[in-house]
Amino acid sequence: MPVKKAHPEADDPHGDAAAADGSDLAEREGRWNYALVGSDLGVWDHNYRLDRKYYSPTWKTMRGMAPDEEVAGDYDAWLQLVHPDDRDFIAHAIDRQNAGDPDYQIFEYRERHQDGRWIWIECRGACVEWDENGVPTRIVGTDTDITARKEAEETLSRLSRRLDLALEISRIGVFEADIEEDMVEWDDRLIAIYGLKGAARRIAGDVWAKSLHPDDRERVLGLADSSVESGSDFQQEYRIIRGDGIERVIRARSAFFIDGNGHRKLIGANWDVTEEVKLRDELQRAKDLAEARNLELEAAKESIEHLALHDYLTGLPNRRYLDKMLDERSAECRAKGLALAILHIDLDRFKQINDTLGHRAGDAMLKHAAGVLKNSVRAADFVARIGGDEFVILCAVDAASKKIASLAERVIRELRKPVRYEGHDCRFGASIGIAVDSGPKLDAKQILLDADIALYRAKGLGRNRFEFFSASDRRDVVSAKQLADEILIGLERNEFVPFYQLQFDARTLDVAGVETLARWQHPVHGLLTPDRFLDIAEDLDVVSTIDALILERALADRRAWIKDGLSVPKISVNVSARRLADPDLGKKLRALKIQPGSISFELLESISLDDCDEAVTANLKKLRKFGIDIQIDDFGTGHASIVSLLRLSPKTLKIDRELIRMLPQSAEQRKLVGSIIDIGRSLDILVIAEGVETVDHIRILEELDCDMLQGYALARPMPAMQIPSFIRAGSWRHGQTAARALQTQLRRALRGRAGK
Ligand code: C2E
Ligand code: CA
Ligand code: CA
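Residues numbered from 1 in each chain as written. Chains lettered and ligands numbered in written order. Predicted model: local features only at pLDDT ≥ 70, side-chain atom pairs only at ≥ 80, totals over all residues. Heavy atoms only, no water.

The chain appears in an unreviewed UniProt entry as EAL domain-containing protein from Rhizobium vallis.

Here you go:
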């Protein structure tokens, strides 16, 4: 409020002009006074011409004065009350206002309140009267206390400063979008974030949309639209392509509101989170990587564990797993009062398949067997492969259950069915030993041993069958096991020796050959024949060893006989399938320097050439090279076809003693043997009859034109040292020679005549 310096020409405050205006003016003043007194405007009126200064009560109370207090009206004194910073301005502003400068019609300044504080005053004033020279003589105006507004403004600007600082520091850009007008106001930071240097602050709505990364655009615009539609807030992260082409990641939040004009608006903040997102992505990648590695490790660990506990071939649990399971299942059975049944399964004839068809066939059979077992049991039962062709099933059953026997039957039935493998029908079977126990003392390891014993008996009783364990089994088995140990010791101690059984020309009864037969000179049980040890030796896989040492001994004995002046006929040795498949057989035989034509190998008829693998074929070739003849042993018991026999090109067929035994009683048998001899003759193969036990046998075979005879009737197997004296004594001819020689001559003569 300006309290103007007294005007030189306005010394009289109550001039004539006022009087002249009269009651009209007073009335007008009165009207305004009513209006103004009621408002918070402090009215002042400086009339220089009349030298009268008027200040309304509000003008006074605004400054802390009493409404009726006298105002000194002294300009200089008043100026002291103005804030020192505003004084110069005020002096100038009042001059300008008095001069009627419209820019100074309104101005603000601070003045000291009576209580000592500063108040802000907004002063509005205008000159209303001038003298004849144009000098202002009366200035009227209002003062308003705007302290509160000023403070609010101050607070607001403080807040906005603070916000600005915060936004500056956090590099947050702010916008306000007017949906109706499709315009957006961007602040400088937002413009910088979007790399739109030089853009106006008010931008068309689609500028933002165009900045969005093409891959994100649809999604983000959709969200923004639905935010506007639903009037809800928007929160997103998306990529933009800045004005300068750089890709950045933006995080945006905005709030929806409707402004005073009814315009839908979005106000929001954007900030560049590229680095943060990069870091977050990297962390995530690292985390993913770590997790993936963990998974890999976990999987590796699992697969190692699986490998450690499973059989690679069949996928069944292995021996180690079985051991674990034995403890678990026995504890379970003890706790639940169940019985634990263990089936120990051994495939019959599996070795032959392996030997004759090769390991791939063997593997296929094992997989097949594993599948059969798995399909035969309940899900809760446990099947393991514990060795070459051995399997074990664990079943927890009711103590009284009969189910185990039917399970065993089922398994045997299934495993007997022929399996097709590369054009061959492979036949094998299974023997099963079963042991069951229950009660608090149940011991799974013992049950397994018992099942093993029962299995041994099942095999002994003819295979393809199952046997339950019985206590008496244990003794037998213990002795069998003992025998196995003793075989190994016996081999070391050279307890296996050849016996020799002479073979004779069927016509002249001259010695025509000799077969070596293995014997075991057992330190306790005495001389044992192959039926006592060959199966166990087979299980131990030492038959080839026995064959080899018998051959060596036979060669040595032969040399001794020759030295002794004996004309030594051909010696035959029995050769097991395993030995015939031995890839090193050739090397071993070469080392023995066998004289060609002196040795023949007896091969069982069951070694069918159809099934021969490469090693066997190669060995057969080598035998011929070394001048070793081949004899087919036990002919008539197997199913060898004539064709496969021809391919073996054997020198000799040995008719099994089962076919010889009934010759005197059975005409049919005689016919059969006769035709075998005929076949031999037509193929230029010698025929030997085995098991020639009686004079009748000799006679009939001679009649059937058999080439050679072997049997107790002529000579029993004997040790090497007895051979020379036996031959020299010639006792086999006694009792038959004279009569038989005559008979034979007669018969031949008759036959000769009939032929003519
Ligand atoms: P094999 O090759 O058929 O041998 C003939 C068997 O018949 C011998 O039994 C012999 O003692 C017996 N024998 C001889 N004449 C008669 C007779 O008139 N009547 C009766 N009932 N039997 C007679 P052995 O020595 O007990 O041999 C049994 C089988 O053991 C042999 O049958 C042969 O397959 C096998 N074998 C014997 N020695 C060896 C060997 O060194 N290696 C191999 N791999 N197997 C052998
Ligand atoms: Ca033989
Ligand atoms: Ca034989």
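### Notes on the overall build of the chain
Check the secondary structure of the chain and you find 26 helices and 28 strands. Since a compact globule built from 756 residues should have a radius of gyration of about 27 Å, the 63 Å found for the chain marks it as more spread out than a globular shape. Structurally, the chain occupies a C-alpha span of about 200 × 60 × 45 Å along its principal axes. Relative to its 756 residues, the chain shows a buried fraction of 44%. At a minimum sequence separation of 6, the contacts of the chain that also span at least 24 residues come to 60%. Of the roughly 40300 Å² of accessible surface on the chain, a fraction of 53% belongs to carbon and sulfur atoms. For the chain, the distance from the average position of its 109 positive side-chain charges to the average position of its 129 negative side-chain charges is 16 Å. (Helix = DSSP H or I, 4+ residues; strand = E, 2+ residues; numbered from the N terminus. Rg over C-alpha atoms; globule rule 2.2 N^0.38 Å. Buried < 20%, exposed > 50% of the residue type's maximum accessible area, 1.4 Å probe, protein only. Contact = heavy atoms within 4.5 Å. Areas by Shrake-Rupley, 256 points an atom, 1.4 Å probe, with all protein chains shown as cover. Lys, Arg positive; Asp, Glu negative; His and termini not counted. Charge placed at Lys NZ, Arg CZ, Asp CG, Glu CD.)

### Quick notes on the coordination of the calcium ion (ligand 3)
Listed as protein donors to the calcium ion (ligand 3) are D633 (OD), D634 (OD), E690 (OE) and E690 (OE); their distances from the metal cover 2.1 to 2.4 Å. All donors to the calcium ion (ligand 3) come from one chain, and their sequence spacing reads D-D-x55-E. Separating the calcium ion (ligand 3) from the calcium ion (ligand 2) is a distance of 4.0 Å, and D633 supplies a donor atom to each of them. Taken as a pair, D633 in strand β24 (residues 629-635) and E690 in the loop between β26 (686-689) and α24 (695-703) lie far apart in primary sequence, 57 residues in all. (Donors = N, O, S within 2.8 Å, 3.2 Å for Na, K, Ca; no water.)

### Topic: the site of ligand 1
Within the structure, ligand 1 sits among 24 residues, and R519, D547, R657, E693 and Y712 are positioned closest to it. Within the side chain of R519, a nitrogen or oxygen atom sits 2.8 Å from an oxygen atom of ligand 1. One of the side-chain nitrogen or oxygen atoms of E690 is found 3.3 Å away from an oxygen atom of ligand 1. Looking at the shell around ligand 1, the elements that each hand over two or more residues are β20 (511-522), α16 (530-539), α17 (543-563) and β24. Here the shell around ligand 1 gets four residues from one element, more than from any other, and that element is β20. Residues belonging to the shell around ligand 1 are distributed by class as follows: nine nonpolar, six polar and nine charged. (Near = heavy atom within 4 Å. Polar contact = N/O pair within 3.5 Å; in protein donor to acceptor, adjacent residues only side chain to side chain. Nonpolar A, V, L, I, M, F, W, Y, C, P; charged D, E, K, R; others polar.)

### Re the sheet that holds strand β2 (residues 52-55)
In space, the five strands of this open sheet follow the order β2-β1-β5-β4-β3, with antiparallel pairing throughout. A single partner strand is all that each edge strand has here, and the edge strands are β2 and β3 (106-112). When strand polarity is set aside, the average angle formed by the axes of neighbouring strands in this sheet is 25 degrees. Pairing between β3 and strand β4 (residues 118-130): seven bridges, direction antiparallel. Of the residues in β4, the one forming a bridge with I106 is R124. Helix α4 (residues 84-98) contacts β1 (41-47), β3, β4 and β5 (136-145) of the sheet and is inclined by roughly 140 degrees relative to β3. (Pairing = 2+ DSSP bridges. Axes fitted to C-alpha atoms, helices over the stretch in contact; angles between N-to-C directions.)

### A look at the packing of helix α14 (residues 444-460) against helix α15 (residues 471-492)
Across the interface, α14 lies against α15 with an axial gap of 9 Å and an inter-helix angle of 80 degrees. As the angle between them shows, α14 and α15 are arranged roughly perpendicular. Contacts from Q446, D450, D452, I453, A454, Y456 and R457 of α14 reach α15 at D473, R474, V477, A480 and K481. Here the contact of α14 with α15 is composed, by residue class, of five nonpolar, one polar and six charged. (Parallel < 35°, antiparallel > 145°, perpendicular 65-115°, else oblique.)

### Side note on unusual backbone geometry
With glycine set apart, most residues show a phi of negative sign, and most peptide bonds adopt trans. The phi dihedral of D182 is positive, around 55 degrees, even though this residue is not glycine. Relative to the helices and strands, D182 is located in the loop between β6 (172-178) and β7 (183-186). Positive phi, normally seen in glycine, also occurs at D541, with a value near 60 degrees. Within the secondary structure, D541 sits in the loop between α16 and α17. Residue classification places D541 among the partly exposed residues on the basis of a relative accessible area of 41%.

### Some thoughts on the pattern of salt bridges
For the structure on display, the rule yields 65 salt bridges. In this structure, E467 engages R465 in a salt bridge whose closest nitrogen and oxygen atoms are separated by 2.8 Å. The closest approach of N and O atoms between D705 and R681, which form a salt bridge, is 3.6 Å. Of this pair, D705 sits in the loop between α24 and β27 (708-709) while R681 sits in helix α23 (residues 667-683), and the two are 24 residues apart along the sequence. Beyond isolated ion pairs, a larger network of salt bridges with shared partners links E108, E122, R124, R149, K150 and E153. (Salt bridge = Lys/Arg side-chain N within 4 Å of Asp/Glu carboxyl O.)

### Some thoughts on the UniProt feature "coiled-coil region" (unreviewed entry) in the chain
The UniProt entry lists residues 280-307 under the feature "coiled-coil region" (unreviewed entry), expressed in the numbering used here. Taken end to end, residues 280-307 comprises 100% helix and 0% strand; its first and last C-alpha atoms sit 39 Å apart. (UniProt positions renumbered as here; feature names shortened; annotations may be inferred.)

### Re the coordination of the calcium ion (ligand 2)
In an ideal octahedron of six donors the angles at the metal are 90 or 180 degrees, and in an ideal tetrahedron of four donors they are 109.5 degrees. The coordination sphere of the calcium ion (ligand 2), as far as protein atoms go, consists of E515 (OE), N574 (OD1), E602 (OE) and D633 (OD), spread over 2.0 to 2.3 Å. Sequence spacing among the residues donating to the calcium ion (ligand 2) works out to E-x58-N-x27-E-x30-D. Owing to a relative accessible area of 3%, E515 belongs among the buried residues under this scheme.

### Things to note about the packing of aromatic side chains
Throughout the structure, instances matching the rule amount to 15 aromatic pairs. Ring centres 6.1 Å apart and planes at 80 degrees place the aromatic pair F466 and F468 in the edge-to-face group. Assessed through its relative accessible area of 35%, F468 is described here as partly exposed. When the ring of W520 is compared with that of F533, the centres are 6.0 Å apart and the planes differ by 90 degrees; the resulting orientation is edge-to-face. Linking W520 in strand β20 with F533 in helix α16, this pair joins segments that are 13 residues apart in sequence. In this structure an aromatic cluster arises from ring pairing among Y75, W78, F89, F107 and Y109. Above the ring of W59, the side-chain terminus of R63 is found at 3.9 Å from the ring centroid. Here the basic side chain of R716 rests over the ring of Y712, its NZ or CZ set 3.9 Å away from the ring centre. (Phe/Tyr/Trp six-rings, centres within 6.5 Å; stacked < 30°, edge-to-face > 60°. Lys NZ or Arg CZ within 6 Å of the ring centre and 35° of its normal.)

### Here we look at the pairing of strand β17 (residues 429-437)
With respect to burial, β17 is a largely interior element, seven of its nine residues being buried. Both strand β12 (residues 339-348) and β17 contribute to a ladder of nine bridges, which runs antiparallel. Within the sheet, the bridge partner assigned to L343 lies in β17 and is I434. Handedness of the crossover is the feature at issue here: the chain leaves β17, passes through α14, returns alongside strand β18 (residues 466-468), and the resulting connection is left-handed. (Right-handed = clockwise from strand over helix to strand, strands pointing away.)

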